[in-house]
Amino acid sequence: MRFADRTTAGIQLAEEVARLHLDDPVVLGLPRGGIPVAYQVARVLDAPLDVIAVRKLGVPSRPELGFGAIGEGEVRILNDDVVRAARLGPRERAAVELTERTALEGRLRAYRAERPPAALTGRTVVIVDDGIATGSTASAACQVARARGAARVVLAVPVAPPGALAELSGEADDMVCLYSPDYFGSVGQWYTDFAQTGDTEVVELLNDRLASSGGATRSTTEGAGSIAEGTEAGGGHAADLPSRRLQAVETDVGMTIDGRVLPGSLTLPDGAPGVVVFAHGSGSGRHSPRNRSVAERLNRAGLGTLLFDLLTPEEERDRANVFDIPLLARRLTLVTAWLGAEHALPVCYFGASTGAAAALLSAAEPHADIKAVVCRGGRPDLAAEALADVRAPTLLIVGGADTQVLDLNRRAAERLHCEHRLDVVAGATHLFEEPGALEAVADLAREWLTEHLSPSAQRAGH
């Protein structure tokens, strides 16, 4: 069973949820992909629609490994086994939570503007996502809803693996799932069109549902903590970006490199002037929420993107591979060659952390034809002597509060002989988690890449 898209899945899901004859329901969608599904459920139930956001708490030395999650209303969930294994003390946990809570509040502010969250006390809450993989996010969402006073929690998704549903059976009072295959893989493989949902679309759907209900949604001020302002460099929220309804479908691809299949996600909007290949940092991969957020913004600007894993899971277990810049650069070069054979489009690089060094090392190769490079919070210094051989216009983006990395980028910039620029996002730390910081990165990257992919730039020989 495959769903055409999230809207179709939402319509089918709504029919099943309606059979429960829920009393006074409020529908909460998990952003971003869950919102188009939740919108259809709320429409059929004639119920208010709001977002329910949770944030993973990542181990500082390995951010992709979660030791817990947080949600609105000061909800905190910890995985004691991971906390013990990672030897995380109270101060380390508190620092991570502070960063993630700031990001969570900023994201909610972007979606709701000045509107308070919907009241949940004493109500039936229907939590909706476009699918469940592991269930950790859905579990956190259920606990957040209960902490905010929900009398009954219903978890509704189009697709989920049996194991995850079993794990979640104790979290929700009722569960609705249209399809639960034994072999699951990923959520995206059960959709024909699994294009990324943008922040702008989330805001539009929330506002449309609010207008449809006459704006009479009950609300509360719970969890409406103070929100920091955006950064100086392009600090506007993602909701401010004009919506572009481009035909862009995310496609799962597999690239055979060194006898190993490296999985990736390729998105090509109609008429894309080029493809931005992402080189992830240490311990990260194609599912990096930060790089996916930037990629989505680039897609809305009409640029193609390819996010892929530079290493297989087995290779990642050897930490030496994670910091082997020549190995990562070689993989990036080979993937670029694969991309050129499949799609005759100009290529740019976007490198993060150690991936920035890999991107620059690959771009410095004698026969490389890379149109532009962007490094986010990167370690260009690890490209060493190759910096002088980079010919592609290079933009270095660093957080103003990331002082050590900022100093390394300044030194690296002095060794670049190509067109280059160093942009500092004021107040941002290494992961750009502050409200508006990542959006600032995306805007700076978009401007740099589109400028150097323009016809005039190509004629000038960039």
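Bear in mind the structure is a predicted one, so any value in this text is a computation, not a measurement.

A.B. asks: Please clarify how the overall build of the protein chain should be interpreted in this entry.
C.D. replies: Scanning the protein chain from terminus to terminus reveals 15 helices and 16 strands. Counting the 462 residues in the protein chain, one finds 55% classified as buried. When contacts within the protein chain are restricted to residue pairs at least 6 apart in sequence, those whose partners lie at least 24 apart make up 70%. As displayed, the protein chain has an accessible area near 19,100 Å², and 49% of this comes from carbon and sulfur atoms.

A.B. asks: Sorry, what's going on with helix α2 (residues 34-45) here?
C.D. replies: With 12 residues, α2 should reach 16 Å at 1.5 Å per residue; the first-to-last C-alpha distance of 16 Å fits that figure. Of all the 12 residues making up α2, 10 are buried; the element is thus mostly covered by neighbouring parts of the structure. Buried within α2 we find G34, I35, P36, V37, A38, Y39, Q40, V41, A42 and L45. Residues of α2 that are buried sit in contact with α1 (6-18), β1 (25-29), β2 (49-51), β6 (124-128), β7 (152-159) and α7 (199-212).

A.B. asks: Just checking my understanding: could you explain the sheet that holds strand β12 (residues 304-308) for this structure?
C.D. replies: Paired through backbone hydrogen bonds, the strands of a sheet run either parallel or antiparallel to each other. The strand order across the open sheet formed by 8 strands is β9-β10-β12-β11-β13-β14-β15-β16, and the pairing between neighbours is mixed. Each edge of the open sheet carries a strand with a single partner, namely β9 (250-257) and β16 (420-425). Between one strand axis and the next, the sheet turns by 20° as a mean value, whatever way the strands run. The pairing of strand β11 (residues 275-279) with strand β13 (residues 347-352) spans 5 bridges and is parallel. Directly across from A279, in β13, lies its bridge partner G351. Where helix α12 (residues 354-363) meets the sheet, its contacts fall on β11, β13, β14 (370-376) and β15 (394-399), and the angle it forms with β13 comes to roughly 150°. Sitting on the sheet, helix α13 (residues 403-415) is in contact with β15 and β16, with an inclination near 160° to β15.

A.B. asks: Sorry if this is basic, but what is going on with the sheet that holds β2 here?
C.D. replies: Overall, parallel pairing links the 5 strands, which are arranged β2-β1-β6-β7-β8 in an open sheet. The sheet is open, and its two borders are formed by β2 and β8 (174-179), each paired with just one other strand. Neighbour to neighbour, the strand axes of the sheet diverge by 25° on average, direction disregarded. In this structure, β1 lies alongside β6, joined through 5 bridges in parallel fashion. Within the sheet, the bridge partner assigned to L28 lies in β6 and is I127. Across the sheet, α2 is in contact with β1, β2, β6 and β7; its angle to β1 comes to roughly 165°.

A.B. asks: How should the environment of A301 be read in this particular structure?
C.D. replies: Here A301 lies in the loop between α8 (289-300) and β12. Residue A301 is classed as partly exposed on the basis of its relative accessible area of 23%. Separated by 29 residues in sequence, A301 and A272 have C-alpha atoms that sit 9.0 Å apart.

A.B. asks: Explain the side chain of R290 to me, please; I cannot follow it from the model alone.
C.D. replies: Topologically, R290 is positioned in helix α8. Accessibility expressed as a relative area gives 14% for R290, which makes it buried. A distance of 3.0 Å separates a polar atom in the side chain of R290 from a polar atom in the side chain of E433. Sequence-distant contacts of R290, that is, excluding residues within four places in its chain, are made with P63, R376, L431, E433 and L438.

A.B. asks: Which parts of the structure should I look at to understand the nonpolar core?
C.D. replies: Nonpolar side chains in soluble globular proteins tend to end up buried together. One finds L13, V17, V27, V41, F67, V126 and V128 to be the most contacted residues of the largest nonpolar core, which totals 44 residues. Among the elements that line this core, the one with the most residues is α2, at 7 residues. V128 has contacts with L13, V27, L28, G29, L30, G34, V37, A38, V41 and A156, leaving out every residue within four places of it along the chain. The next biggest cluster of nonpolar side chains, apart from the first, holds 39 residues, and it includes M255, V275, A279 and A386.

A.B. asks: Teacher, can you tell me more about the packing of aromatic side chains here?
C.D. replies: Any pair of aromatic rings gets described here by the distance separating the centres and the angle formed by the planes. Throughout the structure, instances matching the rule amount to 4 aromatic pairs. Centre to centre, the rings of F3 and Y191 are 5.6 Å apart; their planes meet at 40°, and the pair counts as tilted. With F3 in the segment before α1 and Y191 in the loop between β8 and α7, this residue pair connects regions lying 188 residues apart in the sequence. Judged by relative accessible area, Y191 falls into the buried class, the value being 2%. Members of the aromatic cluster, each reached through a chain of ring pairs, are F3, Y191 and F194.

A.B. asks: Would you mind showing me how to read the pairing of β12 here?
C.D. replies: Of all 5 residues that make up β12, 5 are buried, and the element is covered over most of its length. Every second residue of β12 is oriented toward a common face, with G304, L306 and F308 on one face and T305 and L307 on the other, all of them buried. Where strand β10 (residues 260-267) meets β12, 4 bridges bridge the pair, whose relative direction is antiparallel. Note on β12: the bridge partner recorded for L266 is L306. Sheet analysis places β11 next to β12, joined by 4 bridges and oriented parallel. Paired with V277 across the two strands is L306, which belongs to β12.

A.B. asks: Hey, could you run me through the packing of α8 against helix α14 (residues 437-453) in this one?
C.D. replies: Working note: a packed helix pair is described by the angle between its axes plus the distance between those axes. Where α8 contacts α14, the axes come no closer than 9 Å and their chain directions differ by 45°. Taken as axis vectors, α8 and α14 run oblique relative to one another. Note that α8 runs across α14; the crossing there is right-handed. Of α14, the residues touching α8 (which contributes R290, S293, V294, R297 and L298) are L438, E439, V441, A442, D443, A445, R446 and L449. The residue inventory of the contact of α8 with α14, partitioned by class, reads 7 nonpolar, 1 polar and 5 charged.

A.B. asks: Help me out: how do you make sense of the confidence of the model for the protein chain in this one?
C.D. replies: Atomic detail in the predicted coordinates should be set aside for any region of low pLDDT. For the protein chain, per-residue confidence averages 83 on the pLDDT scale, and 89% of positions sit at 70 or higher. Here helix α15 (residues 455-459) stands out as the element of the protein chain with the lowest mean pLDDT, 57, in contrast to β6, whose mean of 97 is the highest. Segment residues 216-247 is flagged for pLDDT under 50; beyond a separation of four residues in sequence, or across chains, it makes 84 contacts in the model.

Here is what the cut-offs are and how they apply
- Residues numbered from 1 in each chain as written.
- Predicted model: local features only at pLDDT ≥ 70, side-chain atom pairs only at ≥ 80, totals over all residues.
- Heavy atoms only, no water.
- Helix = DSSP H or I, 4+ residues; strand = E, 2+ residues; numbered from the N terminus.
- Buried < 20%, exposed > 50% of the residue type's maximum accessible area, 1.4 Å probe, protein only.
- Contact = heavy atoms within 4.5 Å.
- Areas by Shrake-Rupley, 256 points an atom, 1.4 Å probe, with all protein chains shown as cover.
- Expected span 1.5 Å × (residues − 1).
- Pairing = 2+ DSSP bridges.
- Axes fitted to C-alpha atoms, helices over the stretch in contact; angles between N-to-C directions.
- Polar contact = N/O pair within 3.5 Å; in protein donor to acceptor, adjacent residues only side chain to side chain.
- Core = buried A, V, L, I, M, F, W, Y, C linked by side-chain atoms within 4.5 Å.
- Phe/Tyr/Trp six-rings, centres within 6.5 Å; stacked < 30°, edge-to-face > 60°.
- Parallel < 35°, antiparallel > 145°, perpendicular 65-115°, else oblique.
- Left-handed = near helix turned anticlockwise from the far one by under 90°.
- Nonpolar A, V, L, I, M, F, W, Y, C, P; charged D, E, K, R; others polar.
- pLDDT = per-residue confidence, 0-100.

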